[in-house]
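Per-entry structural report
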Amino acid sequence: MDISSLSRPFRLLVTGGGTGGHTYPALTAVRTLQGRLAAVGGTLDVLWIGTADGLEARVAPAEGIAFQTVATGKIRRSSNPLKMLSAANVKDMARVPLGVAQARSIVAGFRPDVVLATGGYVAVPAGLAARLCRVPLVLHEQTVRLGLANRKLASSATRIAVSSESSLPLLPAEVRERAVVTGNPVRPEVLGGHADKAVEALALYGFDRRLPTVYVTGGAQGAQQINGVVREVLPWLLGHANVIHQCGPGNVDELRAAAARLDPALAGRYHLTGFLGAELPDVLALADVVVSRSGAGTLAELTALGKPAVFIPLATSAGNEQAHNAQHLADAGAALALLGEVNGPALQNAVGPLLTDPALRAAMAERARTYGRPDAADRLVDVVLSAASA
């Protein structure tokens, strides 16, 4: 679609959410499309369909985006087909037709040029409504394999945007020709950090800048598993590196007690925090190695930045997607993945060579960067606009 010739606002309906992995790529795409339109004197009308208790219910209104909810159901997965027929699943599946009817009314009233669905179970009603209303539907998949919602919607999609070349052969053959590799949109502020600003903001004056810096994170809430293995090897780790440890707000006291027992010569190299906000881009700029979970958003950010990483996947992630994400990069030499028993010695064996061999770090960083797509948001906006013209 030639947006420069539009005499009215471009209308985008966004659906998806539940977690940051589905919410932030959509938000980044919205911001990018707004910027693209503003550059040619155009405007964007956007409406987000989500759930009342998902992250999107807070993020969209905070960004000034109109937000509506529909009935939907969360499918609780199990390797046992009989367990899939649990009372909770049956009850939730019965809500989907109501959600489709609600979403159809919203789509018909809003009359979007395109519907963009980024996954999560709330995307299913709105995606099906797009088909019923004959509105172009663009799916965006953040992980290597299509998530459950996007698998359900794939046959209805005008375009399917995937984050990795390796996703293409995993798509159903009948929809593969509609797929395009865009990458996973990364918030632009994440890419603009400055290492020295992190030192100032967090008062990291005890750090030895001759040593590499490790950033450890389990996400906004922290991760007991990661916290435990880091605590197990902390004196050894601080012998080889500075450490910024984002442990989650509920875990600070326990880890602070462990830090109090450190040799004073090492303690200055350890910065413990429950949560990182605006400082995160600067911390990522400072970090030479990252130890983290392997959600799709994390992978997108770290590869766009070219950061060597040791991934400890969340074992209970939907469809075991974090393990697949981590294995995908590990097979390419672009990261390391702890997929077996996760303990202190395993972490030490993985991260040790990266701390002592700058050439190894540089080689892994370069391989990671080849998988990064810092222009993913622009690519996704290109797909959205082309779907509007289809």
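One structure accompanies this document, and this report is about it.

The rules we used
Residues numbered from 1 in each chain as written. Predicted model: local features only at pLDDT ≥ 70, side-chain atom pairs only at ≥ 80, totals over all residues. Heavy atoms only, no water. Helix = DSSP H or I, 4+ residues; strand = E, 2+ residues; numbered from the N terminus. Rg over C-alpha atoms; globule rule 2.2 N^0.38 Å. Buried < 20%, exposed > 50% of the residue type's maximum accessible area, 1.4 Å probe, protein only. Core = buried A, V, L, I, M, F, W, Y, C linked by side-chain atoms within 4.5 Å. Phe/Tyr/Trp six-rings, centres within 6.5 Å; stacked < 30°, edge-to-face > 60°. Lys NZ or Arg CZ within 6 Å of the ring centre and 35° of its normal. Expected span 1.5 Å × (residues − 1). Arc of directions from axis to C-beta. Polar contact = N/O pair within 3.5 Å; in protein donor to acceptor, adjacent residues only side chain to side chain. Pairing = 2+ DSSP bridges. Contact = heavy atoms within 4.5 Å. Axes fitted to C-alpha atoms, helices over the stretch in contact; angles between N-to-C directions. Salt bridge = Lys/Arg side-chain N within 4 Å of Asp/Glu carboxyl O. Right-handed = clockwise from strand over helix to strand, strands pointing away.

On to the overall build of the protein chain, then. Secondary structure assignment for the protein chain yields 18 helices and 13 strands. Relative to a compact globule of 390 residues, whose C-alpha radius of gyration would be 21 Å, the protein chain shows 22 Å and is just as compact. In terms of overall dimensions, the protein chain has a C-alpha envelope of 65 × 55 × 35 Å along the principal axes. Across the 390 residues of the protein chain, 52% fall into the buried class.

So, on to the nonpolar core. Ranked by internal contacts, the top residues of the largest apolar core, which has 31 residues, are Val-214, Tyr-270, Val-310 and Leu-347. The set of elements that each furnish at least two residues to this core consists of β8 (213-217), α9 (224-232), α10 (234-240), α11 (252-260), β10 (270-273), β11 (289-292) and α16 (344-356).

On to the packing of aromatic side chains, then. Throughout the structure, instances matching the rule amount to zero aromatic pairs. Above the ring of Tyr-24, the side-chain terminus of Arg-187 is found at 4.7 Å from the ring centroid.

A few words on helix α5 (residues 96-110). End to end, α5 covers 21 Å across 15 residues, agreeing with the expected 21 Å (1.5 Å per residue, within 8%). Within the span of α5, buried status applies to Val-96, Gly-99, Val-100, Ala-103, Ile-106, Val-107 and Phe-110. The buried side chains of α5 occupy one side of the element, clustering within an arc of 130° when seen end-on. Along α5, the residues that are exposed and aim more than 90 degrees away from the buried face are Pro-97, Ser-105 and Gly-109.

Let's shift gears to the side chain of Arg-11. Checked against the element boundaries, Arg-11 lands in strand β1 (residues 10-15). Within the structure, Arg-11 has its side chain in polar contact with the backbone oxygen of Phe-110 (distance 3.4 Å). Within the structure, the side chain of Arg-11 is placed 2.7 Å from the backbone oxygen of Arg-111, a separation counted as a polar contact.

Attention shifts here to the sheet that holds β11. The strand order across the open sheet formed by six strands is β10-β9-β8-β11-β12-β13, and the pairing between neighbours is parallel. This sheet does not close on itself; its edge strands, each paired only once, are β10 and β13 (336-337). On the sheet, α11 packs against β9 (242-246) and β10 and is oriented at approximately 165° with respect to β10.

Another aspect to go through is the pattern of salt bridges. On inspection of all chains with the given rule, the structure shows 13 salt bridges. Residue Asp-196 is joined to Arg-209 by a salt bridge in which the shortest nitrogen-to-oxygen separation is 3.5 Å. In this pair, Asp-196 sits in helix α8 (residues 195-202) while Arg-209 sits in the loop between α8 and β8, placing the two residues 13 residues apart along the sequence. Of the charged contacts in the structure, one is a salt bridge between Glu-254 and Arg-231, with a shortest N-O distance of 3.1 Å.

Attention now goes to the sheet that holds strand β5 (residues 137-141). Reading across from one edge, β3-β2-β1-β4-β5-β6-β7 is the order of the seven strands in this open sheet, with parallel pairing throughout. The sheet is open, and its two edges are formed by β3 (66-69) and β7 (179-181), each paired on a single side. The mean inter-strand angle of the sheet, taken between neighbouring strand axes irrespective of direction, is 25°. Sheet topology note: the strand β2 (residues 44-50)/β3 ladder contains four bridges and is parallel. The residue of β3 that forms the bridge with Ile-49 is Gln-68. Along the sheet face, helix α1 (residues 20-38) touches β1, β2, β4 (114-117) and β5 and points at about 170° away from the line of β2.

Quick look at the environment of Leu-168 now. Looking at the element boundaries, Leu-168 is found in the loop between β6 (159-162) and β7. Sequence separation between Leu-168 and Ala-179 is eleven residues, and the spatial gap between their C-alpha atoms is 7.2 Å.

Here the focus is the pairing of β11. Here β11 shows a buried face lined by Val-289 and Val-291 and a second buried face lined by Val-290 and Ser-292. Note that β8 and β11 share four bridges and pair parallel. Of the residues in β11, the one forming a bridge with Thr-217 is Ser-292. Sheet topology places β11 next to strand β12 (residues 309-311); three bridges connect them, and they run parallel. Opposite Val-290, over in β12, you have Ala-309 as the bridge partner. Considered for its hand, the β-α-β crossover made up of β11, helix α14 (residues 296-305) and β12 is right-handed.

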